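Spelled out from the first residue to the last, the chains are:
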Amino acid sequence: MRTQARHRSPRTGRISTSLRRVTAGVALGLAAASTAACGAATTGASSATTQQLTAPPASALDGKGEVQVTFWHAMGGKNGEALQRLTDQFNQRNQGRIKVTLQYKNNYDDTLSAYKTALNSGQAPDLVQVYDIGTRFMIDSGSTVPVQSFVDVDKADISDIQPNIAGYYTVDNTLYSMPFNTSMPLLYINRTAFVEAGLDPDKPPRTLDEITAAARKLTVRDANGNITRYGFGTALYGWFVEQWTALAGQEFCDQGNGRDGRATKVNLATDEHVKQLEWWQRMTEEGLALKFNSDTAESDNAFTSGKTAMTLESTGSLGGFLANAEGKFEVGTGFYPKADASHGGGPIIGGASLWIVGKGKDDAHKRAAWEFTRFLATPDAQATWHTATGYFPISKSALDTDLDKQWRAQRPQFDTAIKQLESTALTKATQGCALGVMPQARKAEESAMQAAVHQGTDPRQALQDAEKSLDSAIKDYNQSVGG
Amino acid sequence: MLTRPDPPTGRPGKPGGGRSHRVREALLGLLLLTPGLVGLGVFVVFPLFQAVYLSTRDNDILGNPTRSVGLAHFAELLTPEFGALLARTFLFTALVVVPGVLLPLAIAAPLTQKLPGMRIFRTAFALPFAYSASAASVVWLIMLNPGTSPVNWLLGLVGVQAPSWTSDPGWALVTVAAVTVWSVSGFNLLVLAAGLAQVDEDVLEAARIDGATGPRQFVSIVLPMISPSLFFAVVTTTLTALQALGQVHIMTDGGPNGSTSTLVYSIFDRAFHNNNSDYGLASAQGLVLLVVGVLLAAVQFGVLERRVHYR
């Protein structure tokens, strides 16, 4: 959409100056106009409904020949390759019946954006991968068939799915989508640095205060007083704050974290959050934590290069950490730290899930999309997925397969995640907040974190500002979906 | 044309058969213009009217326009926050345009000297032009990573403590602007070097005989003679800076706490980012951008171009 008047030579010669002036002026104006028009690329007028669609029975595929299923996803690199392998396996087993075609849509944000546009123009895929925080929005879009509906029709047994993982995608006691790539936050430590500093690498810090104490010992200064290694350093990623909220047993948004009814308010300016941001401020002021923006790629890089000795990241980063730290230091993992030792909750799972599109789709396509979704949730498929990508398997028995056991034998660090999940009780708090504008809420949260850590704003003030900035967005959203 | 008898005066375009000729010429002209006009209509004029329409509408969660809200979206822009956003956009534009034109000019002057190896230098300096904004941003993020930055390491060697390039609110906008300067200077260097190469040696010779040397010659002779190139560089760089999105999105995502959020970033944010689909407000902001673009164009063409010397 960007028009750039780059190819016009400055000396076109024949055209008179005034004509040139007019055309160039028009070009400049139009270039600006085309950017203006970027925001204006939608048509259609149908309004979203929250009425849910129901699942067709298995017979929907009878006599339909080979049903073509399009699956939009956001898995790049080795994750995308693993997904392709699983898809090929499924297609081979279902020859003449179902054929799944993958379409890579860059990232979660772009996938969702494309999906909305496609719904309006009738070009929607049959299956779409949506990030955790898009859950409430997908329900409200009224465009999908709840997974629960297929489970009920098939009388399928889904007890093999980890209850904490299914819990995130369950709203009003209905499982709306099938969890797929799942991750949890962990504390990652540089074991080699721990030994150097006289700390026990088998006992990583369990609370924020313990992190501070360990960071004091891990931080190294050179002769000029410059810090050569920081004890701690992690991105100002909103997900981390949401985790502390859940560990404290608190709900991030009202109405039982949006699980009992539509949430109307995000609880950002809480004493708990203020304490966390104050801790973060102290860590950077004391020179114990390296400052980062909200992009975890930067803090990952600093950790594997040995510049920081502890970081927070998702389980999905373990593989990358092990590979990039190889030959430099030993990577260890610990439970995600609590903001206070007295907290008894657990972390929330993250990642993405699969949504079966129903709007504008015939029964055969809905059914075919479900068959593929069910295949991806099987223990074998999950073991393949888990060991190829490092995401947490959603199937309990995937952990008992030989493939998975061998993989974990080489990466004992992953057992921390399994223990952490097993010791987390499923409550409203650990289910996480289901909110229509959750992506915006996370961004606002990150703005507050940045204001506090980078701009020195009073944490409570920063959190109140962020909370206020969300009020109208939540109100507009709820009004738009009629609740 | 061949069958038309010569007009009595012997000159073409005069009365007597000239009218049908002119009509045919006009029709032919229109025919040749049609593909361009259709493209312009579909991709620029139609979306512009659509933006005007959408700016008066609310959106449902899927982005469909709903009820009319009149000028409410524009009223939403009458806040100190939006004023700060505009000011930041102008600051960013200035931080890109001034060094983005002066730096290549400073490099272009020695590069036009007929010395061996200059072609290699010219190619090397022009290379950033080939990078997309996104690729350049990713590369520079790695160069400036707080943990592993080679730039910080070099600064450390000369005893300079590097700032937090992308997370310090005082530096973030400067950093994003600097990366934009880096990527526009290659193109500007080509434009300015081409302008300098066409400066007539005879004129310079004459000036030297008249006693104008060094800075005086540059300001009084060279600058006016390359002013069309210079003007072109200023206008295109202004546009690039006004529309810079990839750099902001990738390097800072508008942060820390909005301190690198420009008008275009804000439009993108309202319309497509974080599952937003507030096309109404985004369109209103887009129209503000249009006005800004037109105003800047008016200033540049009305004030600056008077001083441009076309030959």
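Residues numbered from 1 in each chain as written. Chains lettered and ligands numbered in written order. Predicted model: local features only at pLDDT ≥ 70, side-chain atom pairs only at ≥ 80, totals over all residues. Heavy atoms only, no water.

**Some words on the nonpolar core**
Residues and elements named next belong to chain A.
Line of reasoning, step 1. Phe-232, Trp-244, Val-266, Met-310 and Leu-435 are the most contacted members of the largest nonpolar core, which has 131 residues in total.
Line of reasoning, step 2. It is helix α19 (residues 438-454) that provides the largest number of residues to this core, a total of eight residues.
Line of reasoning, step 3. Residues lining this core come from more than one domain, with at least three contributed by each of domain 1 (58-182 + 349-400) and domain 2 (185-348 + 430-480).
Line of reasoning, step 4. Beyond its immediate sequence surroundings of up to four residues, Val-266 is in contact with Phe-252, Cys-253, Leu-435, Ala-441, Glu-467, Leu-470 and Ile-474. (Core = buried A, V, L, I, M, F, W, Y, C linked by side-chain atoms within 4.5 Å. Buried < 20%, exposed > 50% of the residue type's maximum accessible area, 1.4 Å probe, protein only. Helix = DSSP H or I, 4+ residues; strand = E, 2+ residues; numbered from the N terminus. Domains from an automatic or database assignment. Contact = heavy atoms within 4.5 Å.)

**Some remarks on α19(A)**
Line of reasoning, step 1. Look at α19(A): 23 Å from first C-alpha to last across 17 residues, which is about the 24 Å you get at 1.5 Å a residue.
Line of reasoning, step 2. Immediately downstream of α19(A), the backbone of Gly456(A) shows phi near 70°, a positive value. (Expected span 1.5 Å × (residues − 1).)

**Here we look at the UniProt feature "transmembrane region" (unreviewed entry) in chain B**
Line of reasoning, step 1. The positions UniProt marks with the feature "transmembrane region" (unreviewed entry) are residues 27-49, 90-112, 124-143, 171-197, 218-242 and 282-304 of chain B.
Line of reasoning, step 2. Taken end to end, residues 27-49 of chain B is 100% helix and 0% strand, and its two terminal C-alpha atoms sit 28 Å from one another. (UniProt positions renumbered as here; feature names shortened; annotations may be inferred.)

**Comments concerning the environment of Arg411(A)**
All names here are of chain A.
Line of reasoning, step 1. Among the structural elements, Arg-411 can be located in the loop between α16 (402-410) and α17 (415-422).
Line of reasoning, step 2. Spatially, the C-alpha atoms of Arg-411 and Leu-322 are 8.9 Å apart, while their sequence positions differ by 89 residues.
Line of reasoning, step 3. A distance of 3.2 Å separates a polar atom in the side chain of Arg-411 from the backbone oxygen of Trp-407. (Polar contact = N/O pair within 3.5 Å; in protein donor to acceptor, adjacent residues only side chain to side chain.)

**Here we look at the environment of Gly256(A)**
Line of reasoning, step 1. As for its position among the elements, Gly256(A) is in helix α10 (residues 254-258).
Line of reasoning, step 2. What Gly256(A) contacts, discounting residues up to four positions off in sequence, is Glu251(A) and Lys428(A).

**Observations concerning the packing of helix α3 (residues 80-111) of chain B against helix α9 (residues 214-242) of chain B**
Residue and element names in this part refer to chain B.
Line of reasoning, step 1. Look at α3 against α9: their axes get within 9 Å of each other, and the N-to-C directions meet at 140°. Looking at the two axes, α3 sits oblique to α9. Classified by chirality, the crossing of α9 by α3 is right-handed. Touching Thr-89, Phe-92, Thr-93, Val-96, Val-97, Val-101 and Leu-105 of α3 are Phe-218, Leu-223, Ile-226, Leu-230, Ala-233, Val-234, Thr-237, Thr-238, Ala-241 and Leu-242, all from α9.
Line of reasoning, step 2. A breakdown of the residues in the contact of α3 with α9 according to their chemical character gives 13 nonpolar, four polar and no charged. (Axes fitted to C-alpha atoms, helices over the stretch in contact; angles between N-to-C directions. Parallel < 35°, antiparallel > 145°, perpendicular 65-115°, else oblique. Left-handed = near helix turned anticlockwise from the far one by under 90°. Nonpolar A, V, L, I, M, F, W, Y, C, P; charged D, E, K, R; others polar.)

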